[in-house]
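Summary of structural features
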Amino acid sequence: ESERGDEAMQKLVTDFRIGEYTEEEGIRLVKVGNRIFRTCVFDMEKFQVGDAEELTSQTDEGSWGGEEREEGREEDLECIEDRIRKGPNNNKWEFSKQVDPVFYPFIIGKGATTKKEIEKETRTTLTIPPRGSKHDCIRISAFGKAAIVSANTRLDVIIYEAIETLGPNCFLSIPLVSPAMTATLESFKLRVMTEHTACPGLDASIFAAPSLFHLTVGMLSLYTQEAKQEACQILERIRPKVYDLLGTRTIRIHLQGLNIMSDDPSECHVVYAGVKEVGVEDRLRRVCEYVLEEFADLMPRKETERNLKLHATVMNTKLRDASRSGDRPPKGKSNRRTPLDASDLLRDYSTFDFGEVILPGLHISQRGKYDKTGYYASLASMTFP
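The structure contained in this document is the topic of the report that follows. In this text, all values refer to a predicted model and were calculated from it rather than measured experimentally.

What counts and what doesn't
Residues numbered from 1 in each chain as written. Predicted model: local features only at pLDDT ≥ 70, side-chain atom pairs only at ≥ 80, totals over all residues. Heavy atoms only, no water. Axes fitted to C-alpha atoms, helices over the stretch in contact; angles between N-to-C directions. Helix = DSSP H or I, 4+ residues; strand = E, 2+ residues; numbered from the N terminus. Parallel < 35°, antiparallel > 145°, perpendicular 65-115°, else oblique. Left-handed = near helix turned anticlockwise from the far one by under 90°. Contact = heavy atoms within 4.5 Å. Nonpolar A, V, L, I, M, F, W, Y, C, P; charged D, E, K, R; others polar. Buried < 20%, exposed > 50% of the residue type's maximum accessible area, 1.4 Å probe, protein only. Phe/Tyr/Trp six-rings, centres within 6.5 Å; stacked < 30°, edge-to-face > 60°.

**A few points about the packing of helix α5 (residues 113-122) against helix α6 (residues 145-166)**
Two packed helices can be described by the angle between their axes and the distance between those axes. Packing of α5 against α6 leaves a shortest axis separation of 9 Å and a crossing angle of 150 degrees. Relative to α6, the element α5 lies roughly antiparallel. Crossing handedness for the pair α5 and α6: right-handed. Each of T114, E117, I118, E121 and T122 in α5 lies in contact with α6, whose residues at this interface are A147, S150, A151, R154, L155 and I158. The residue makeup of the contact of α5 with α6, split by class, is five nonpolar, three polar and three charged.

Here's what the structure looks like:
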């Protein structure tokens, strides 16, 4: 599995591309999605080792590589200046940047080409922890603070673009876990596996675990410590408004029937239970739309373009145990998910009643991490009335 993961990461890094950029007077403007990053590009042909002392003096006194800093560039320097320190030999400046190791391959690049390019164009040295290290800081060193700021921005550009490539690692969820729901889901699974043994693509491993059953509100990309802190702050800030939208009253939903994410039931990957709020006030939809609006800046770009689709997944082919079902692709081949033919399931369980649930609250859940109850580990959560 580790080898397959390495192959997948290598392909992501090989196909990885930074956003469009324009360059003028040594300043490169890089556009990634709706954001524009500003980086300084040094002319290496004009730079000599003897220039180091002069460059250090210039940047210490507040200039940017020989020319006065514009207002925007000054803000870039000020945002990290208090964390730039003199190195051990006191001849270079150093800055430690906390970076999730998942981004290291993107920063290094195939054959270390990306790392070398950053070092050459910004006149810095990047020290990246070796693979398997527990350290999550990249050290940027240079003769001048401005060079460190420029390299830091280059890393921010790569991280921001890589986040879109990697996809979300967290999500906003509303737990639907209860003893009654667990019994219902297990009964549903037993009935389907007993009555539809010939269903193409059906396997016991694709059913959602009762301990993880939830409503998905939206996906989040929280790979940096700053992003995680911001998400927690947003959740705390919106708490009063959420209570107002709920009218400080309990909210209950009814789960019934089956739906699919795709148009073709003969080749689908996600089957979910229909969600309907008990009552006619539509409070749940209004709350979720408000929450998504507040978290928009932390969501993958593609997610912000989609309409709200509340769903409680009961079957997902991504969960398939390939080693048991024989669906594992040959080494080096595409790891394409085997679809499920849900045609008969949609017909036979169109009115299947999963029951009613009182919604307990909203979580910022982490994909692939779990708490002692078996549910997704959360960065933060809020309870509903």
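**Focus on the environment of S378**
Looking at the element boundaries, S378 is found in strand β17 (residues 376-383). Discounting residues that sit within four places of it in the chain, S378 has contacts with H363, I364, S365 and Q366.

**A short note on unusual backbone geometry**
One non-glycine residue, A112, lies in positive phi territory at about 60 degrees. Secondary-structure assignment places A112 in the loop between α4 (104-108) and α5. The exposure class assigned to A112 is partly exposed, which follows from its relative accessible area of 21%.

**Comments concerning the packing of aromatic side chains**
Applying the stated rule across the entire model yields ten aromatic pairs. Aromatic pair F188 and F352: ring centres 5.2 Å apart, planes at 55 degrees, arrangement tilted. Here F188, found in helix α7 (residues 179-195), pairs with F352, found in the loop between α12 (343-348) and β15 (353-358); they are 164 residues apart in sequence, far enough to count as distant. Take F188 and F352: they sit in the same class, and that class is buried. Between Y375 and Y376, the aromatic rings sit 5.4 Å apart at their centres with planes inclined by 80 degrees, giving edge-to-face as the arrangement. Overall, the relative accessible area of 5% leaves Y375 in the buried class.

Shape is all these values report; function is a separate question.
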